Amino acid sequence: MRIAHIITRLILGGAQENTLLTCEDLLRQYGDQVLLVTGPPEGPEGSLLERARAGGVPMLLVPSLCRPIAPWRDLVSYLALRQIIRRFQPDVVHTHSGKAGLLGRAAAWQLRVPAVVHTVHGAPFHPYQSAIARWFFRACERWAARRCHRLVCVADALADQLAAVGVAKREKIITIYSGMEVQPFLEAERFRAEYRARLGWGPECIVVGKIARLFYLKGHEYLLAAAPKILAQMPHVRFLLIGDGILRPKIEQQIRQAGLSDYFRLVGLVPPEEIPRWIAAMDILVHVSLREGLARALPQALLVGRPVVSFDIDGAREVVLHEKTGYLLRPKDSDGLAEAVLRLAKDPELRAQFGQQGRRLCAERFEHQRMTAQLRALYEQLLRPNSPVC
């Protein structure tokens, strides 16, 4: 097949890793002709461009393609995408993320590409927007959904959410979990002592970690609010934040003002291959974002054998099975977060039990080869003569 994947930015992130792994699998395992189209990786979140080049993925950069709404640049990007699609002549165009999803689907549909697919990694509308913004983004998604043959969601909860607000009929939406390289997580335990030593924390410390961009709606403030309550009972708990972003100076200031500098470490951006090793240094992973399709950090932690504590948002409950692999909490519940962390911090056997159950749940479900096989089967289905179109 000739397959074009289009994404707004190839930054360090779950949607981007998902897309890159899919392209690599299609090239290596299926011998497809693949083209990855992306805008520049602007922002402090890091870049996967070099990883894509090293993996031999053919790639085109559209300089005007950017995340913010910018009418003139968006028109230029749309025309550039049309030209790229017309020249490449793909059997399949598969888009990702809001801006590339809107412009890429419009261009591919207008050019009558045989199969147009879009993956929703996280809904672009959410309760924390203004009513006008929410209406606008829903309207955009409804319009774009009519210009593709299938929508792929990374969690059932996300698919149900899109159908409930009329983005598309439920039968047009399928769930394919976001794949990853599973083996490094299963083998990460051997790095535990080394990475804890980097932090200067001994075996007596209970390390609570969070992996997320330092950005709005990622919920770092709720962990900061819970930390003093946790430390009051267990002063040997430590907090590890992985990720970077525009809120880093503010978060660092809040940590200093709360007198928590001795208990927190912010290691910033780390290469994707080091994520399993940093999770191995943890004892518990917390996920306190207020919106996310299905955060990769949750299955990643469970694959390493670490229990998770998460706000009950979007697809979290599909891997965080309450009192089986971790704890699900009401969003913004800092008191509940403190209680759940303390319960796990005080009970090493419970941590091990939750972690083992989580590892069994996620080991096969999140292999990237399985994700790519499901996506390619979808492409084949859509390209069959007289394939039903929803």
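Reading the values: the criteria
Residues numbered from 1 in each chain as written. Predicted model: local features only at pLDDT ≥ 70, side-chain atom pairs only at ≥ 80, totals over all residues. Heavy atoms only, no water. Salt bridge = Lys/Arg side-chain N within 4 Å of Asp/Glu carboxyl O. Helix = DSSP H or I, 4+ residues; strand = E, 2+ residues; numbered from the N terminus. Buried < 20%, exposed > 50% of the residue type's maximum accessible area, 1.4 Å probe, protein only. Pairing = 2+ DSSP bridges. Axes fitted to C-alpha atoms, helices over the stretch in contact; angles between N-to-C directions. Contact = heavy atoms within 4.5 Å. 1 Å grid on protein atoms, 1.4 Å probe; cavity = no way out; pocket = protein on both sides within 12 Å on 5 of 7 lines; lining within 4 Å. Points joined across faces, edges and corners; volume = space filled by probe spheres on them. Nonpolar A, V, L, I, M, F, W, Y, C, P; charged D, E, K, R; others polar. Right-handed = clockwise from strand over helix to strand, strands pointing away.

Caption draft 1: Layout of the pattern of salt bridges. For the structure on display, the rule yields 20 salt bridges. In this structure, R105 engages E141 in a salt bridge whose closest nitrogen and oxygen atoms are separated by 3.4 Å. Taken as a pair, R105 in helix α4 (residues 98–110) and E141 in helix α5 (residues 131–145) lie far apart in primary sequence, 36 residues in all. On the basis of relative accessible area, R105 is assigned to the buried category, the value being 0%.

Caption draft 2: Just the sheet that holds strand β6 (residues 150–153), in detail. As summarised here, the arrangement of the seven strands in space is β3-β2-β1-β4-β5-β6-β7, forming an open sheet in which the pairing is parallel. A strand with exactly one partner marks an edge of an open sheet, and here the two such strands are β3 (59–61) and β7 (173–175). Ignoring strand direction, the axes of neighbouring strands in this sheet form an average angle of 20 degrees. As judged from the four bridges shared by strand β5 (residues 115–120) and β6, these two strands associate in the parallel manner. Directly across from V117, in β6, lies its bridge partner R150. On the sheet, helix α1 (residues 14–30) packs against β1 (2–9), β2 (33–39) and β4 (92–96) and is oriented at approximately 160 degrees with respect to β1.

Caption draft 3: Quick look at the layout of surface pockets. Of the pockets and cavities examined, the second largest pocket occupies roughly 180 Å³. At five residues, helix α14 (residues 348–362) tops the list of elements feeding residues into the lining of the second largest pocket. Residue composition of the lining of the second largest pocket, grouped by class: three nonpolar, three polar and six charged.

Caption draft 4: Molecular detail of empty space enclosed by the protein. Evaluation of the coordinates by the stated rule reveals one cavity of 30 Å³ or more. Volume-wise, the largest cavity comes out at about 40 Å³. Taken together, N18, H94, H96, T119, V152, I176, M371 and L375 make up the lining of the largest cavity. Elements represented by at least two residues in the lining of the largest cavity include exactly β4 and α15 (368–383). Across the lining of the largest cavity, the residue classes break down as four nonpolar, four polar and no charged.

Caption draft 5: Local environment of the pairing of strand β10 (residues 264–268). Side chains of β10 alternate between two faces, with F264, L266 and G268 buried and R265 and V267 left unburied. Sheet topology note: the strand β9 (residues 237–242)/β10 ladder contains four bridges and is parallel. Across the sheet, the residue bridging to I242 is G268, located in β10. In the classification by handedness, the crossover that spans β9, the intervening helix α10 (residues 248–257) and the parallel β10 is right-handed.

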